[in-house]
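# A look at the structure
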Amino acid sequence: MGDFEGRGQVYDSETKEYYDGIDHKKISLKINRITKDSVYGQSIVDGAQRPFRGVFKEGSQTFVLDEPGNDKTDGRFEVKLKNDSITGKWTAFNKSAVKAPLKNLKLIKKEFVYNPNFMLDENSDVVDWENTKYSKEKYTDEETGKTETFTASKNRYASKAIFKINASRQKLTEKDLKNLRKLDMEIIKNAVFARHGYAFKKPTYRYFFEQTDWYIPVSNNVDGELTPLEKDNVALLNRFIQYAEDKYDQFGR
């Protein structure tokens with residue numbers, strides 16, 4: 001797991017435009033099997049899981065791994081193994097179809113372990129930067145008396161409850177949830193899936209859990225891995241999320 005970045009067109013959610021910059025993402029390379037002549041596994045980026053097949057050259061300790069090629073985001077990994085780290089590059093098969101056709105990788109070996117005690121760190125940024133609300137507001141200059149219009153942005157944010165409530169460990173009740181914000185309950189619910197290694201497609205949730213050192217995306221479906229307690233809590237949370245409200249405020253980034 002680690003960094004996956006390259007120069008290309010980056011989308012600015014505030015201006016809703018692309019600009020030339022560094023496209024930075026997180027990536028997981030999951031190696032399932034190595035035989036005498038082939039390597040099999042998957043890459044996981046932005047919650048999307050793509051199979052790959054390739055070779056491992058023992059003399060140079062290098063992998064050459066090809067994704068299938070039937071998706072515009074597919075490409076080739078050329079990486080070198082050194083102790084518990086992998087470094088190298090990824091090149092898109094169709095360079096004109098992606099924003100950053102050449103990316104560098106710097107990965108560290110991590111072993112996935114389910115632990116019901118995993119929680120977000122209390123220093124985590126808990127602002128939802130992906131769903132900004134924009135509004136036109138007026139401002140009057142006290143000196144000139146002129147009134148101008150400007151665009152204000154607000155984001156929803158979570159409360160400290162997300163650091164205390166663990167839906168993998170405790171039986172939740174309506175009393176536990178009735179005063180929580182919608183984002184609180186979304187994070188508490190999705191922490192259950194994150195502990196099981198779910199690969200989030202929604203950037204909001206991915207952002208929260210990528211701030212931890214324990215989140216390792218390994219699967220697009222972990223429903224069968226949930227404990228009976230977790231299933232009951234998720235069902236209760238889903239009921240409350242439908243009617244919950246959020247708190248919004250202005251934040252600088």
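Our subject is the structure listed above.
The sections below set out a description of the structure shown in this document. (Residues numbered from 1 in each chain as written. Predicted model: local features only at pLDDT ≥ 70, side-chain atom pairs only at ≥ 80, totals over all residues. Heavy atoms only, no water.)

## Side note on the packing of helix H2 (residues 182-195) against helix H3 (residues 203-210)
Their axes nearest at 10 Å, the elements H2 and H3 cross at an angle of 70°. Accordingly, the angle class assigned to the pair H2 and H3 is roughly perpendicular. Between H2 and H3 the crossing geometry is right-handed. Between H2 and H3, the residues in contact are Leu 183, Glu 186, Ile 187, Asn 190, Ala 191 and Ala 194 and Tyr 205, Phe 208 and Phe 209, respectively. Residue classes in the contact of H2 with H3 are distributed as seven nonpolar, one polar and one charged. (Axes fitted to C-alpha atoms, helices over the stretch in contact; angles between N-to-C directions. Helix = DSSP H or I, 4+ residues; strand = E, 2+ residues; numbered from the N terminus. Parallel < 35°, antiparallel > 145°, perpendicular 65-115°, else oblique. Left-handed = near helix turned anticlockwise from the far one by under 90°. Contact = heavy atoms within 4.5 Å. Nonpolar A, V, L, I, M, F, W, Y, C, P; charged D, E, K, R; others polar.)

## Side note on the pairing of strand E9 (residues 133-140)
Looking along a regular strand, one sees the side chains alternate between the two faces of the sheet. Taken together, the eight bridges between E9 and strand E10 (residues 147-156) define a ladder with antiparallel strand orientation. Across the sheet, residue Thr 140 finds its bridge partner in E10, namely Thr 147. Where E9 folds back onto E10 in an antiparallel hairpin, the turn is made up of six residues, including Gly 145, whose phi is positive at roughly 80°. (Pairing = 2+ DSSP bridges.)

## A look at the layout of surface pockets
Put simply, the second largest pocket is a space of about 520 Å³. If you go around the second largest pocket, you meet 23 residues; those closest to its centre are Leu 29, Lys 30, Ile 31, Lys 109 and Lys 110. Every element with two or more residues in the lining of the second largest pocket is listed here: strand E2 (17-34), strand E7 (85-92) and strand E8 (102-108). Of all the elements, E2 adds the most residues to the lining of the second largest pocket, at six residues. Broken down by class, the residue content of the lining of the second largest pocket amounts to 14 nonpolar, four polar and five charged. (1 Å grid on protein atoms, 1.4 Å probe; cavity = no way out; pocket = protein on both sides within 12 Å on 5 of 7 lines; lining within 4 Å. Points joined across faces, edges and corners; volume = space filled by probe spheres on them.)

## Quick look at the pattern of salt bridges
A pair can form between side chains of opposite charge whenever their charged atoms are brought close. Per the stated rule, a full pass over the model turns up twelve salt bridges. Taking the shortest distance from any N to any O, the salt bridge between Lys 25 and Asp 46 comes out at 2.9 Å. With Lys 25 in strand E2 and Asp 46 in the loop between strand E3 (39-45) and strand E4 (48-57), this residue pair connects regions lying 21 residues apart in the sequence. By relative accessible area, Lys 25 is classed as partly exposed at 22%. Looking at Asp 46, the relative accessible area reads 31%, which means it is partly exposed. Between Arg 156 and Asp 246 there is a salt bridge, with the nearest N and O atoms lying 2.8 Å from each other. A residue pair is termed long-range when its members are at least 10 positions apart, and Arg 156 in strand E10 and Asp 246 in the loop between helix H4 (228-241) and strand E11 (248-249) qualify at 90 residues. The same class applies to Arg 156 and to Asp 246, which are both buried. (Salt bridge = Lys/Arg side-chain N within 4 Å of Asp/Glu carboxyl O. Buried < 20%, exposed > 50% of the residue type's maximum accessible area, 1.4 Å probe, protein only.)

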